[in-house]
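Chain by chain, the residues run as shown.
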Amino acid sequence: MKNCLVVDDSKVIRKVARHILESLDIHVTEACDGRDALTQCEASLPDVVLLDWNMPVMSGMEFLQELSKTKLDARPKVIFCTTENGLGHIKAAVEAGADEYVMKPFDRDTLESKLQIVGVI
């Protein structure tokens, strides 16, 4: 079973994402900010990270930058999941190491297609 770390400061978004991911037979863990997510990745590397952009403590972009500096056996796929939809944001996310980008609000079909694109399902 694949593992996904859902990183979002919104409990509602984490709950919605969990529901969708579990329906796709993906095990879900959650983090409320980038710092928590980084700690969890160092402890147990997920297959994919569903990552919010704007969070307190450590933003999604800061998380990506720190993840790239961390000595890990492998690198999880990263899907940015955010309300930021400008071309500049998308480009910055990809340049920072994101594999895909999904807009909030998202639905099951959209998330499933992004997971297929990055090779998780």
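Bear in mind the structure is a predicted one, so any value in this text is a computation, not a measurement.

With that settled, consider the overall build of the protein chain. Tallying secondary structure elements over the protein chain gives five helices and five strands in all. In sequence order, the secondary structure elements of the protein chain are arranged as β-α-β-α-β-α-β-α-β-α. On C-alpha atoms alone, the protein chain measures out to a radius of gyration of 13 Å, which is about the 14 Å that the 2.2 N^0.38 rule sets for 121 residues. Side chains of the protein chain carry 14 positive and 20 negative charges; the gap between the two charge centres is 1 Å.

To continue, consider the UniProt feature "modified residue: 4-aspartylphosphate" (unreviewed entry) in the protein chain. Per the UniProt entry, the sites bearing "modified residue: 4-aspartylphosphate" (unreviewed entry) are D52 in this numbering. Among the structural elements, D52 can be located in the loop between β3 (48-51) and α3 (60-69). Residue D52 is classed as buried on the basis of its relative accessible area of 4%. Among residues more than four places away in sequence, those in contact with D52 are V7, D8, D9, G60, F80, C81, T82 and K104.

A few words now on the packing of aromatic side chains. Applying the stated criterion to the full structure yields two aromatic pairs. Ring centres of W53 and F80 lie 4.9 Å apart, and the angle between their planes is 35°; on these two criteria the pair is classed as tilted. Of this pair, W53 sits in the loop between β3 and α3 while F80 sits in strand β4 (residues 77-82), placing them 27 residues apart in sequence. The same class applies to W53 as to F80, namely buried.

What follows concerns the pairing of strand β5 (residues 100-103). Across four bridges, β4 lies against β5 in parallel orientation. The residue of β5 that forms the bridge with I79 is E100. For the crossover from β4 across helix α4 (residues 87-96) to β5, the handedness is right-handed.

So, on to unusual backbone geometry. P105 follows K104 through a cis peptide bond whose omega is -5°. Following the sequence through the fold, P105 ends up in the loop between β5 and α5 (108-117). Phi angles above zero are rare outside glycine, and D25 is one such case at about 65°. Along the chain, D25 falls in the loop between α1 (11-23) and β2 (26-31). The exposed category is assigned to D25, whose relative accessible area is 51%. The backbone of V57 shows a phi angle near 70°, a positive value even though the residue is not glycine. Looking at the secondary structure, you find V57 in the loop between β3 and α3. The exposure class assigned to V57 is exposed, which follows from its relative accessible area of 66%.

This next bit is on the pattern of salt bridges. Inspection of the entire model under this criterion finds ten salt bridges. Between E66 and K69 there is a salt bridge, and its shortest N-O distance comes to 3.3 Å. Residue E66 and its partner K69 are located together in helix α3, separated by three residues, close to a single helical turn. Two residues, R75 and D99, come together in a salt bridge whose shortest N-O distance is 3.2 Å. Taken together, the positions of R75 in the loop between α3 and β4 and D99 in the loop between α4 and β5 put the pair 24 residues apart, joining distant regions of the chain. Taking the relative accessible area as the measure of exposure, D99 reaches 30% and is therefore partly exposed. When salt bridges that share partners are traced, they join R14, R18, E22 and E30 into one network.

Cut-offs used in this document
- Residues numbered from 1 in each chain as written.
- Predicted model: local features only at pLDDT ≥ 70, side-chain atom pairs only at ≥ 80, totals over all residues.
- Heavy atoms only, no water.
- Helix = DSSP H or I, 4+ residues; strand = E, 2+ residues; numbered from the N terminus.
- Rg over C-alpha atoms; globule rule 2.2 N^0.38 Å.
- Lys, Arg positive; Asp, Glu negative; His and termini not counted.
- Charge placed at Lys NZ, Arg CZ, Asp CG, Glu CD.
- UniProt positions renumbered as here; feature names shortened; annotations may be inferred.
- Buried < 20%, exposed > 50% of the residue type's maximum accessible area, 1.4 Å probe, protein only.
- Contact = heavy atoms within 4.5 Å.
- Phe/Tyr/Trp six-rings, centres within 6.5 Å; stacked < 30°, edge-to-face > 60°.
- Pairing = 2+ DSSP bridges.
- Right-handed = clockwise from strand over helix to strand, strands pointing away.
- Salt bridge = Lys/Arg side-chain N within 4 Å of Asp/Glu carboxyl O.

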